[in-house]
Amino acid sequence: MLDLFAQHQTFMHKALDLALEGQYTARPNPMVGCVLVQPGLDNAEPQVIGQGFHAYPGGPHAEIVALNSAKSAGLSTIGAVAYINLAPCCHVGKTPPCIDALIEAKVSEVVYAIDDPNPISSPNLAEKLLTQAGIKVTKGILAERASKLNQGFISRMQRNRPYVRAKVALSLDGNMALKNYQSQWITSEAARTHSQHFRAVSGAIMTGMGTVVFDDPRLTVRQDRFVKLENFKQPVSVVFDPNKGITPDRKIFDKSGTLVFDQPLSEILSLLATEHQINDVLLESGPGLLNQLIDQNLIDELIIYLAPRLLGKDAMNISQFGPLDELSQSKDWVFQKCEQVGDDMVIFATPK
Ligand SMILES: NC(=O)c1ccc[n+]([C@@H]2O[C@H](COP(=O)([O-])OP(=O)(O)OC[C@H]3O[C@@H](n4cnc5c(N)ncnc54)[C@H](OP(=O)(O)O)[C@@H]3O)[C@@H](O)[C@H]2O)c1
């Protein structure tokens, strides 16, 4: 029999795996999974009696899906332990509060990973209400994994701006395009297919006017594995056009809802979070916009697809700042992960 802490971790991992099933469709809501477990009596193994995840905004929350799955299997929820990666909601939103459903189902314990990041909700409200109803509360289990999973939602709630990933196709000598602006394609088809996932999990894809002029990208998710998902919505296209030069014949206007901004970058990100409920932005620009965002500390993560080719002299380098006089003036990042994709490598880095 597992010790209690290991048991909590096992079932919280399961709740987080379930939450991930909503990664392409739950936005702008957080990804939430719930596992209902009947603790084993007399050294018997605990039994999963229900589970679920939040699939789309306006749809049932994970707790309700899990409770309903136990009910429809004819299994009693009395005395069960509910594992959820986010504190159960206490307010009436598009659906009634989950806390009431858990109390009504007579669960004995709620184990959750992190509190509701929304600053307008009192951080310990769920814990207080559950405790008042005689339900044991354990929180903080796998909090790091849970925070990372919903980093976009948490960023929108707590920083009033989305989590910003910048995707860059780079040659081994650090270039994003040739001097004549040609950049299609530096990386392999395998890398481009791989990167579609990051478009599909983002509420918005942002680029700069230079890229719109030279590449005329569509900035859409095109793979069937995403677009054929029930409740999948295309990310919004966002163009930074400070010189107001964009023309309506560009492909980004082929789909409706494209946003064009000329404000300072921090203001644009704030508008995307507060007025458009964007949790995650994927930046797919040239070095111009990328460097402006890096300079203003507005990039949370770099996703670099590194191709094993050299573009030579006068190609368009990823770095547009400097020249620096001292190595101590360099902009430093931390490698988080690296993997091979076809002939290329993908490297994930966060600011130091
Ligand atoms: N390797 C990759 O991952 C990748 C990805 C996207 C694009 N690219 C390549 O990057 C190059 C474009 O880079 P970028 O730095 O120019 O663009 P960008 O970062 O997409 O856009 C940023 C800035 O481009 C400037 N700009 C450049 N040409 C313009 C024009 N004709 N009209 C209006 N504004 C213009 C504007 O600012 P200013 O007024 O301050 O100049 C704009 O704010 C292209 O060759 C593209 O193929 C490579």
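> Would you mind showing me how to read the overall build of the chain here?
When helices and strands are tallied, the chain shows eleven helices and 15 strands. Projected onto the principal axes, the alpha-carbon positions of the chain cover approximately 75 × 40 × 40 Å. In the structure as shown, the chain presents an accessible area of about 17300 Å², 53% of it carried by carbon and sulfur atoms.

> Quick question: what am I supposed to make of the site of the ligand here?
The immediate surroundings of the ligand are formed by 23 residues, with Y181, S183, T211, D215 and G288 found nearest. Between the ligand and Y181, the relevant distance is 2.7 Å, taken from an oxygen atom to a main-chain nitrogen or oxygen of the residue. Between S183 and the ligand, the recorded distance is 2.6 Å, taken from a side-chain N or O atom to an oxygen atom. Those elements that place two or more of their residues in the shell around the ligand are β6 (163-171), β7 (175-177), α8 (209-215) and α11 (287-295). Of all the elements, α8 adds the most residues to the shell around the ligand, at six residues. Of the residues contributing to the shell around the ligand, the split by class is 14 nonpolar, eight polar and one charged.

> Would you explain unusual backbone geometry in this entry?
Leave glycine aside and you will find that most residues have negative phi; peptide bonds, for their part, are mostly trans. The residue after Q184, namely W185, is reached through a cis peptide bond having omega 0°. Within the fold, W185 resides in the loop between β7 and α7 (189-200). A cis amide bond, omega 5°, links G322 with the succeeding residue P323. With respect to the helices and strands, P323 occurs in the loop between β13 (316-317) and β14 (333-341). Residues other than glycine seldom take positive phi values, yet D216 does so here, at roughly 50°. Of note, D216 is situated in the loop between α8 and α9 (224-227). At D314, a residue that is not glycine, the phi angle is positive and equals roughly 65°. Summarising the element assignment, D314 is placed in the loop between β12 (301-307) and β13.

> Looking at this model, I keep getting lost on the environment of D215. Mind explaining?
Locating D215 in the fold gives a position in helix α8. A sequence separation of 132 residues divides D215 from I347, and the C-alpha atoms of the two residues are 24 Å apart. What D215 contacts, discounting residues up to four positions off in sequence, is Y181, S183 and Q184.

> Would you mind showing me how to read the packing of aromatic side chains here?
Centre distance and the angle of the planes are the two values used to describe a pair of aromatic rings. Enumeration over the complete set of coordinates arrives at four aromatic pairs. Judged by centre distance (5.4 Å) and plane angle (40°), the ring pair of F11 and Y83 falls under tilted. Of this pair, F11 sits in helix α1 (residues 4-19) while Y83 sits in strand β3 (residues 81-86), and the two are 72 residues apart along the sequence. By relative accessible area, which is 0% here, Y83 ends up buried. Across the ring face of F321, the terminal group of K331 is positioned such that the distance to the ring centre comes to 5.4 Å. Here the basic side chain of K337 rests over the ring of F348, its NZ or CZ set 4.9 Å away from the ring centre.

> Just to check I follow, could you spell out the environment of N317 for this structure?
On the secondary structure map, N317 appears in strand β13. For N317, a relative accessible area of 29% translates into the label partly exposed. The sequence separation of N317 and N175 amounts to 142 residues, and the corresponding C-alpha distance is 4.2 Å. Setting aside residues no more than four positions away along its own chain, N317 makes contact with D173, G174, N175 and P287.

> What is the right way to read the pattern of salt bridges from this model?
Two side chains with opposite charge may pair up if their charged atoms get near one another. Taken as a whole and assessed by the stated rule, the structure comprises 16 salt bridges. Notably, a salt bridge pairs K136 with E109, separated by 4.0 Å at the nearest N-O pair. Within this pair, whereas K136 is found in strand β5 (residues 136-139), its partner E109 is found in strand β4 (residues 109-114), the two being separated by 27 residues in sequence. Assessed through its relative accessible area of 47%, K136 is described here as partly exposed. By relative accessible area, which is 9% here, E109 ends up buried. Each of D216, D249, R250 and K251 takes part in salt bridges that share partners, so that together they form one network.

> What is the right way to look at the sheet that holds strand β9 (residues 236-240) in this model?
The strands making up a sheet associate through backbone hydrogen bonding, with each pair oriented either parallel or antiparallel. On the basis of which strands lie adjacent, the open sheet formed by eight strands has the order β10-β9-β8-β11-β6-β12-β15-β14 and mixed pairing. Of all strands in the sheet, those bounded by a partner on one side alone are β10 (259-261) and β14. Averaged over all neighbouring strand pairs, the angle between strand axes comes to 20°, with direction disregarded. Sheet topology note: the β14/strand β15 (residues 344-351) ladder contains eight bridges and is antiparallel. If you follow V334 over to β15, its bridge partner there is T350. Here α7 sits on the sheet in contact with β6, β8 (204-208), β11 (280-283), β12, β14 and β15, set at roughly 170° to β12.

Definitions and cut-offs
Residues numbered from 1 in each chain as written. Predicted model: local features only at pLDDT ≥ 70, side-chain atom pairs only at ≥ 80, totals over all residues. Heavy atoms only, no water. Helix = DSSP H or I, 4+ residues; strand = E, 2+ residues; numbered from the N terminus. Areas by Shrake-Rupley, 256 points an atom, 1.4 Å probe, with all protein chains shown as cover. Near = heavy atom within 4 Å. Polar contact = N/O pair within 3.5 Å; in protein donor to acceptor, adjacent residues only side chain to side chain. Nonpolar A, V, L, I, M, F, W, Y, C, P; charged D, E, K, R; others polar. Contact = heavy atoms within 4.5 Å. Phe/Tyr/Trp six-rings, centres within 6.5 Å; stacked < 30°, edge-to-face > 60°. Buried < 20%, exposed > 50% of the residue type's maximum accessible area, 1.4 Å probe, protein only. Lys NZ or Arg CZ within 6 Å of the ring centre and 35° of its normal. Salt bridge = Lys/Arg side-chain N within 4 Å of Asp/Glu carboxyl O. Pairing = 2+ DSSP bridges. Axes fitted to C-alpha atoms, helices over the stretch in contact; angles between N-to-C directions.

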